Amino acid sequence: MKIYIKKTISSQLKKIPLIDRWLIGSLIPTLIFFTLGFTVFSISLGLLFDLIQKIFATPLTILGSLKIIFYKLPKFFVISLPMSCLLTNLSIFSRLRENNELIALKALGFNLRRFLLSSFIIGIITTLITFSLNNILVPTTNKLSELTLRQELGVTNDIKLSTDIQFSDFSSEFSKTGNYAKLKHLFHARVYENNEMRNVTLIDYSNSDLIKIISAKKGIYKEEKNQWYFFDGQVVEQSKFEKNEVDQKSFTTYILPKGILGIGPINIANIPKDSNNMSLFYALKARKLYKNSGNIKELRRINVRINEKFTFPIVCLIFSLMGAIIGASKKLSTTQSQSFGLSILIIIFYYFLAFIFSSMGVSGLLNPIISAWTPLIISFSCSEVLIRRYS
């Protein structure tokens, strides 16, 4: 059986053109080397020093810190892949150029676009790996890392801790001009922890004559009863027509009628603030929740992050192509040190551009799709210009 499988794989590999097998065989070991190197470097720079400081200043143990590093590995591995693609193609094609192997291939009739096919294949493979890890493994391991850190430090184990929870409840109203959404309730809580809302404020606009404001130290939602319970607070009722008519009452327990607010505020509180802790499926679910709650600011932010979950993996493909172009061209770089310096500038420029456009998308200056995809389109356009110029 094993012999049959080996023969099948061998026969399938022989169908791949020799030049592609040769280039891909050169690219893969270098890609693995750079990815491991960048992963170790990223962990050292972004995590290790902070953990060492916590070991001496907090109850964090060495074993606990090793667990945290292990859980963070997928995150830093994903971050390292785009840069590794750029430097891998850069170094391999620079070496081929310096050894005059590219000239020999050109003499056989192969042009630059034909060389780039291998880089394109590597870019597609790393793009799929990045997308899969970023949406399946990374959100889970990030949560495990945070939970481990909380357990080691002796703080709450509730990784669903959230702050500044806002939820709006609307109802459909009909008028001569058509139907529209009318605000019924506006909910805000300072902290959500251990299934409790703290420092809660609820403004009730459902009554056409009164505005009711409920303030409480704590709020709990009982799902089996579909009711909210507020504790230790006060209720203020003010007439919409007579501003001086104010009724204020204190309470130890206040129960909302069944069905008001519902589980909406809990769902909003459970959405992670960091998009790295969300899979694509969860991000789409969060977008629907923000849309239903009327939270425009968070809706814009999550729309940008959803698009970035597609654009970030594709950077591997763009960087692979750009690395191959720079490495193969004498006009762009004459030595490997110049090539390396140029690649660092490309990485800095792209992520700076992505940050600027992302911020513009979140703030509402640009459409989320435009803000997320524009840096990628600019980079791809630059790659195409370089191919046309130096092929």
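These notes cover the structure that comes with them. (Residues numbered from 1 in each chain as written. Predicted model: local features only at pLDDT ≥ 70, side-chain atom pairs only at ≥ 80, totals over all residues. Heavy atoms only, no water.)

### So, a nonpolar patch on the surface
- Among the surface-exposed residues, Phe41, Leu45, Phe49, Ile52 and Phe56 lie close enough to one another that they form a single nonpolar patch of about 620 Å² accessible area.
- As for its position among the elements, leucine 45 is in helix H2 (residues 18-57).
- Judged by relative accessible area, leucine 45 falls into the exposed class, the value being 60%. (Patch = residues over 30% accessible without salt bridge, like charges linked within 9 Å, V, L, I, M, F, W, Y side chains within 5 Å. Areas by Shrake-Rupley, 256 points an atom, 1.4 Å probe, with all protein chains shown as cover. Salt bridge = Lys/Arg side-chain N within 4 Å of Asp/Glu carboxyl O. Helix = DSSP H or I, 4+ residues; strand = E, 2+ residues; numbered from the N terminus. Buried < 20%, exposed > 50% of the residue type's maximum accessible area, 1.4 Å probe, protein only.)

### Focus on the nonpolar core
- Grouped together as the largest cluster of nonpolar side chains are 29 residues, with contacts concentrated most on Phe187, Met197, Trp228, Phe230 and Ile302.
- Sorting the residues of this core by element identifies strand S1 (162-175), strand S2 (178-193), strand S3 (196-204), strand S4 (210-222), strand S5 (227-239), helix H6 (264-269), helix H7 (280-293) and helix H8 (296-328) as the ones contributing at least two each.
- Top element by residues in this core is H7. It accounts for 4 residues.
- Excluding its chain neighbours within four sequence positions, the residues that come into contact with isoleucine 302 are Met278, Ala283, Ala286, Arg287 and Tyr290.
- If you look at the next biggest cluster of nonpolar residues, it comprises 23 residues, including Leu102, Leu116, Leu321 and Ala328. (Core = buried A, V, L, I, M, F, W, Y, C linked by side-chain atoms within 4.5 Å. Contact = heavy atoms within 4.5 Å.)

### Considering the pairing of S5
- In this structure, S4 lies alongside S5, joined through 12 bridges in antiparallel fashion. Bridge assignment links isoleucine 214 to a residue of S5, and that residue is valine 235.
- Hairpin geometry of S4 and S5 is characterised by an intervening segment of 4 residues between the two adjacent antiparallel strands and by a positive phi of about 55° at asparagine 226. (Pairing = 2+ DSSP bridges.)

### Quick look at the environment of threonine 127
- Assignment of secondary structure puts threonine 127 in helix H5 (residues 112-153).
- When its relative accessible area of 12% is taken as the criterion, threonine 127 is described as buried.
- Along the chain, threonine 127 and leucine 81 lie 46 residues apart, while their C-alpha atoms are 8.7 Å from each other.
- Among residues more than four places away in sequence, those in contact with threonine 127 are Pro313, Ile314, Cys316 and Leu317.

### Structural notes on the pattern of salt bridges
- Taken as a whole, this structure holds 6 salt bridges when the rule is applied.
- A salt bridge links lysine 54 to aspartate 50, with the nearest nitrogen and oxygen atoms 2.9 Å apart. Residue lysine 54 and its partner aspartate 50 are located together in helix H2, separated by 4 residues, close to a single helical turn.
- Look at aspartate 50 and you get partly exposed, because its relative accessible area is 35%.
- Between glutamate 193 and arginine 198 there is a salt bridge whose closest N-O contact spans 3.3 Å.

### Re the side chain of serine 118
- Within the secondary structure, serine 118 sits in helix H5.
- By relative accessible area, serine 118 is classed as buried at 0%.

### Some details on helix H3 (residues 62-98)
- If you check H3, its first and last C-alpha atoms are just 47 Å apart, much less than what 37 residues at 1.5 Å a residue would give, namely 54 Å.
- At lysine 72, H3 shows its largest bend, some 40°, and a proline, proline 74, comes one to four positions later. (Expected span 1.5 Å × (residues − 1). Bend = angle between axes of the 7 residues up to and from the residue.)

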